[in-house]
Amino acid sequence: MDRIVEKGLLFDYYGSLLTERQQQIYEDAVTNDLSLSELADAYDISRQGVHDLLRRCDRILAEYEDKLGCIRREQAIKKCATQLMEQGQQNKDEESVRLAGQILELLD
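In short, a report on the structure. Here, residues in each chain are numbered from 1, in the same order as that chain's written sequence. With pLDDT at 70 or above as the cut-off, local features in this predicted model cover only qualifying residues; side-chain atom pairs require 80 or more to be listed or tallied, and sums for whole chains, interfaces and linings still use all residues. To obtain the side-chain values, all non-hydrogen atoms of the structure were included, while hydrogens and water were left out.

**Side note on the nonpolar core**
Part 1 of the reasoning: Counting residues in each nonpolar core, the largest one holds 18 residues, and the members touching the most others are Leu 18, Ile 25, Tyr 26, Leu 39, Leu 54 and Leu 61.
Part 2 of the reasoning: Secondary structure is summarised from DSSP: a helix means a run of H or I of at least four residues, a strand means a run of E of at least two, and numbering begins at the N terminus for each. Looking at this core, the elements with two or more residues in it are helix H1 (3-14), helix H2 (20-30), helix H3 (36-43) and helix H4 (47-68).
Part 3 of the reasoning: Ranked by residues supplied to this core, first place goes to H4 with six residues.
Part 4 of the reasoning: Any pair of residues with heavy atoms lying within 4.5 Å of one another is described as a contacting pair. Look past the residues within four positions of Ile 25 in its chain and what remains in contact with it is Leu 39, Tyr 43, Ile 45, Leu 53 and Leu 54. Side-chain atoms within 4.5 Å link the members of a nonpolar core, which is a set of buried Ala, Val, Leu, Ile, Met, Phe, Trp, Tyr and Cys residues. Using a 1.4 Å probe on the protein chains alone, a residue whose accessible area is under 20% of its type maximum counts as buried, one over 50% counts as exposed, and one in between counts as partly exposed.

Now the structure itself:
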């Protein structure tokens, strides 16, 4: 998985578990693609401070995923639902297609 996409997913799932300040800085770094210098100026801290904060947030978010596995679980469910839908379409099983579609819709 692309590192930027992975960071975005981790932040989407677990970002609310970070402190308010961590959330603001991390979101600006990942979502708004601000540089260390831009972040340092915006939050009145050193570039090294920003760098350390971002690394710490990366580690914290990865640990949440390791322990909780929400992203991994969702991706596995999507894969199974997609396979179920494809099988249902091949076998002309409308109920399987409908249920797979509902599962995929709930995950989006």
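Back to the write-up after that little detour.
**Some thoughts on the pattern of salt bridges**
Part 1 of the reasoning: Any carboxyl oxygen of Asp or Glu that lies within 4 Å of a side-chain nitrogen of Lys or Arg is treated as forming a salt bridge with it. Taken as a whole and assessed by the stated rule, the structure comprises eight salt bridges.
Part 2 of the reasoning: Ionic pairing is found between Asp 108 and Lys 78, a salt bridge with its closest N-O pair at 3.6 Å. With Asp 108 in the segment after helix H6 (94-107) and Lys 78 in helix H5 (residues 70-90), this residue pair connects regions lying 30 residues apart in the sequence.
Part 3 of the reasoning: Arg 98 is paired through a salt bridge with Glu 95; the nearest N and O atoms lie 2.5 Å apart. On the criterion of helical spacing, the pair formed by Arg 98 and Glu 95 is a turn pair, its members being three residues apart in helix H6.
Part 4 of the reasoning: The network of salt bridges with common partners includes Arg 3, Glu 6, Lys 7 and Asp 58.

**A few points about the packing of aromatic side chains**
When we look at a pair of aromatic rings, we describe it by the centre distance and by the angle of the planes.
Part 1 of the reasoning: Two rings from Phe, Tyr or Trp (for Trp, the six-membered ring) form a pair when their centres sit within 6.5 Å of each other. Planes less than 30 degrees apart are called stacked, planes more than 60 degrees apart edge-to-face, and all others tilted. Scanning all chains against the criterion turns up three aromatic pairs.
Part 2 of the reasoning: Here Phe 11 and Tyr 26 contribute two aromatic rings whose centre-to-centre distance is 5.6 Å and whose plane-to-plane angle is 35 degrees, an arrangement assigned as tilted. Taken together, the positions of Phe 11 in helix H1 and Tyr 26 in helix H2 put the pair 15 residues apart, joining distant regions of the chain.
Part 3 of the reasoning: Accessibility expressed as a relative area gives 12% for Phe 11, which makes it buried.
Part 4 of the reasoning: Residue classification places Tyr 26 among the buried residues on the basis of a relative accessible area of 1%.
Part 5 of the reasoning: Look at Tyr 14 and Tyr 64: their rings are 5.9 Å apart centre to centre, the planes differ by 35 degrees, and that puts the pair in the tilted class. Here Tyr 14 is found in helix H1, whereas its partner Tyr 64 is found in helix H4, with 50 residues between them in sequence.
Part 6 of the reasoning: Accessibility expressed as a relative area gives 3% for Tyr 14, which makes it buried.

**Considerations on the side chain of Ser 96**
Part 1 of the reasoning: Examined against the element boundaries, Ser 96 turns out to sit in helix H6.
Part 2 of the reasoning: Beyond its immediate chain neighbours, meaning those up to four positions away, Ser 96 contacts Leu 84 and Gly 88.

**A word on H2**
Part 1 of the reasoning: Looking at H2, one finds that the buried residues are Gln 22, Gln 23, Ile 25, Tyr 26, Asp 28, Ala 29 and Val 30.
Part 2 of the reasoning: Residues of H2 that are buried make contact with H1, H3 and H4.

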